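# Geometric and topological summary
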Amino acid sequence: MTLARRSTDLISPRAHARFDLFVFPVMLGLAAWAARRSKRAAALILANALGEGTTASLTKYDAETGLFPFLSFRSHVRIGQVGGPIFLALSCFVPGVPQPERGVLIFLGVLPIVLNGLSDISGQRSTAA
C-alpha cells in the first residue's frame, strides 16, 4: 500500500540514510566533547547516538540500503517521531547541564523531529519488507 505524497515529503529514504550515516559519528564526537564538562550531557548524547545508530543499522531505507534490514523506513520515521520529543524533553529537564551542552541537546532533540517530518514515506509500508 502506498500513501499519497505530501508537500512536506522532501527527503528521500536514501538521503535520510546518508544523513543518518553522517550524524552518527558526529554525535559520538559531541558526546566526547560534552564529557569534559558534563557527564550528564555526555551520557544523554551517547544514549541518543546509540539509539539512533541502532535504529539506522536495522532500517531498510530502500531496495539497496540497510545494514541489517529489519525495520521499514516508515517504522524508522515513526520511531524518530516518538524518540525526538522524548529526547528533547529529557534535554530540557535534566538538571545540572551547562548551557552550551544543553543547547546541543536541544538541537539533537529538534533535529529528528524536523528530519522525520520532512522524510518521504509515501512509498513505504508500515511493516518490514
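One structure accompanies this document, and this report is about it. Small disclaimer: the values here were computed from a predicted structure and weren't measured.

### Some remarks on the overall build of the protein chain
Helix and strand content of the protein chain: four helices and two strands. Of the regular secondary structure in the protein chain, the N- to C-terminal order runs α-α-β-β-α-α. The buried share of the protein chain, reckoned over its 129 residues, is 39%. Long-range contacts, defined here as pairs at least 24 residues apart, represent 68% of the contacts in the protein chain between residues at least 6 apart. Carbon and sulfur atoms provide 69% of the accessible area of the protein chain, an area that totals close to 7200 Å².

### Concerning the nonpolar core
With 15 residues, the main nonpolar core has Ile45, Leu105 and Leu108 as its most contacted residues. Looking at this core, the elements that each hand over two or more residues are α1 (13–35), α2 (39–57) and α4 (99–118). Membership of the second largest hydrophobic core comes to six residues, among which are Ala17, Ala56, Phe73 and Val77.

### Structural notes on the environment of Ile113
Looking at the secondary structure, you find Ile113 in helix α4. The class of Ile113 is partly exposed, set by a relative accessible area of 34%. Put simply, Ile113 and Pro85 are 28 residues apart on the chain and 7.2 Å apart in space, counted from C-alpha to C-alpha. The contact partners of Ile113, leaving out residues within four places of it in the chain, are Gly84, Pro85 and Leu88.

### Here we look at the packing of helix α3 (residues 73–93) against α4
Look at α3 against α4: their axes get within 8 Å of each other, and the N-to-C directions meet at 160°. In terms of orientation, α3 lies roughly antiparallel with respect to α4. Relative to α4, the crossing made by α3 is left-handed. In contact with His76, Val77, Gly80, Gln81, Gly84, Pro85, Phe87, Leu88, Ser91, Cys92 and Phe93 of α3, α4 contributes Arg102, Leu105, Ile106, Leu108, Gly109, Val110, Pro112, Ile113, Asn116 and Gly117. Across the contact of α3 with α4, the residue classes tally to 12 nonpolar, eight polar and one charged.

### A short note on a nonpolar patch on the surface
On the surface, Ile106, Val110, Ile113 and Val114 cluster together to form a nonpolar patch covering roughly 270 Å² of accessible area. Here Ile106 lies in helix α4. On the basis of relative accessible area, Ile106 is assigned to the partly exposed category, the value being 31%.

Cut-offs applied
Residues numbered from 1 in each chain as written. Predicted model: local features only at pLDDT ≥ 70, side-chain atom pairs only at ≥ 80, totals over all residues. Heavy atoms only, no water. Helix = DSSP H or I, 4+ residues; strand = E, 2+ residues; numbered from the N terminus. Buried < 20%, exposed > 50% of the residue type's maximum accessible area, 1.4 Å probe, protein only. Contact = heavy atoms within 4.5 Å. Areas by Shrake-Rupley, 256 points an atom, 1.4 Å probe, with all protein chains shown as cover. Core = buried A, V, L, I, M, F, W, Y, C linked by side-chain atoms within 4.5 Å. Axes fitted to C-alpha atoms, helices over the stretch in contact; angles between N-to-C directions. Parallel < 35°, antiparallel > 145°, perpendicular 65-115°, else oblique. Left-handed = near helix turned anticlockwise from the far one by under 90°. Nonpolar A, V, L, I, M, F, W, Y, C, P; charged D, E, K, R; others polar. Patch = residues over 30% accessible without salt bridge, like charges linked within 9 Å, V, L, I, M, F, W, Y side chains within 5 Å. Salt bridge = Lys/Arg side-chain N within 4 Å of Asp/Glu carboxyl O.

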